[in-house]
Amino acid sequence: MLRFGIMVLALISAPLWAAGADIVPDQDPVTAEAKIEIPAPILLAQDYIKALTHRDYNKLSRFYSRETKFNDRTASKTITGGSDILTFLRRIHVYTLDYSFEPDHVFHSGDLVVMIGTYRYKSRGDLFGKPGQTIELTIPGVTTLDLDMEEKEIKSHVDLLDYDTMRDQLANQ
């Protein structure tokens, strides 16, 4: 009986072996897809941007040190140090009703993360000299983050935002 089983197995598998076929068990297509592993610097950058746009100051304070630099290059504004950055953000966010960043492309080189996308703001018009109005802006931009992966901190945050687009949108509101 054992010989018969071995012979049947040999007869069944011989054509498959000869054709070079692999026998692969059925897999759930969702789990069979290659799982993309997101690099740690990008995960940290995403966590930071989420805290920033959700105005989570407690979480943001963990990302900043006394040496952290926050630079809006387009507006020629640079702030150094976590407490000064948080004070600046709180002051600006007083006028902000809603705030998000929608990245179109994110990549990194070592501890430098580059995020290209669109910032969306809904804010009180007071900030832009239009009291009593609600202002909505969609501003393309590039944010670069230089990270300290050991400490899980931001060494520098640099924004390059298209303020010409912002001015055009403000003129039409």
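Keep in mind it's a predicted model, so treat the numbers as computed, not measured.

Asks: Is there a simple way to think about helix H3 (residues 40–53) in this case?
Replies: Residues spaced three or four apart along an α-helix face the same direction, because each turn holds 3.6 residues. With 14 residues, H3 extends 20 Å between its outermost C-alpha atoms, agreeing within 8% with the 20 Å of an ideal straight helix rising 1.5 Å per residue. The set of residues buried in H3 consists of Pro41, Ile42, Leu44, Ala45, Tyr48, Ile49, Ala51, Leu52 and Thr53. Where H3 terminates, the next one or two residues include arginine 55, which has phi positive at roughly 55°.

Asks: Even after reading the chapter, I still don't get the nonpolar core, so can you show me in this structure?
Replies: Note on soluble globular proteins: their nonpolar side chains tend to be buried together. Counting residues in hydrophobic clusters, the biggest one holds 33 residues, and the most contacted among them are Tyr48, Leu52, Leu60, Tyr64 and Leu89. Counting residues per element, the ones that place at least two in this core are H3, helix H4 (57–63), helix H5 (82–93), strand S3 (96–109), strand S4 (112–124), strand S5 (134–148), strand S6 (153–161) and helix H6 (163–171). The leading source of residues in this core is H3, at seven residues. Other than its neighbours up to four places away in sequence, leucine 89 contacts Leu52, Tyr57, Leu60, Tyr64 and Phe70.

Asks: Even after reading the chapter, I still don't get unusual backbone geometry, so can you show me in this structure?
Replies: The general pattern is negative phi for most residues beyond glycine and trans for most peptide bonds. If you check the backbone angles, arginine 55 has positive phi at about 55° while not being a glycine. Structurally, arginine 55 is set in the loop between H3 and H4. In this model, serine 76 sits at a positive phi of 55°, which is unusual for a non-glycine residue. Along the chain, the position of serine 76 falls in the loop between strand S1 (69–72) and strand S2 (77–80). A residue is classified by how much of its surface remains accessible, and serine 76, at 67% relative accessible area, is exposed.

Asks: Sorry, what's going on with the environment of threonine 138 here?
Replies: With respect to the helices, strands and loops of the structure, threonine 138 is situated in strand S5. Judged by relative accessible area, which is 31%, threonine 138 ranks as partly exposed. For threonine 138 and glutamine 169, which are 31 residues apart along the polypeptide, the C-alpha to C-alpha distance reads 8.2 Å. Other than its neighbours up to four places away in sequence, threonine 138 contacts Thr118, Tyr119, Arg120, Thr165 and Gln169. Only 3.1 Å separates the side chain of threonine 138 from the side chain of arginine 120, close enough to count as a polar contact.

Asks: In this structure, what is going on with the environment of serine 61? I would like to understand it.
Replies: As for its placement among the helices and strands, serine 61 is situated in helix H4. Residue classification places serine 61 among the partly exposed positions, given a relative accessible area of 36%. At 2.6 Å, the side chain of serine 61 and the backbone oxygen of asparagine 58 are in polar contact.

Asks: In this structure, what is going on with the side chain of lysine 130? I would like to understand it.
Replies: Turning to its location among the elements, lysine 130 is positioned in the loop between S4 and S5. Those residues within four positions of lysine 130 in sequence are excluded, and the remaining contacts are Gly125, Ile135, Leu170 and Gln173.

Parameters at a glance
- Residues numbered from 1 in each chain as written.
- Predicted model: local features only at pLDDT ≥ 70, side-chain atom pairs only at ≥ 80, totals over all residues.
- Heavy atoms only, no water.
- Helix = DSSP H or I, 4+ residues; strand = E, 2+ residues; numbered from the N terminus.
- Expected span 1.5 Å × (residues − 1).
- Buried < 20%, exposed > 50% of the residue type's maximum accessible area, 1.4 Å probe, protein only.
- Core = buried A, V, L, I, M, F, W, Y, C linked by side-chain atoms within 4.5 Å.
- Contact = heavy atoms within 4.5 Å.
- Polar contact = N/O pair within 3.5 Å; in protein donor to acceptor, adjacent residues only side chain to side chain.

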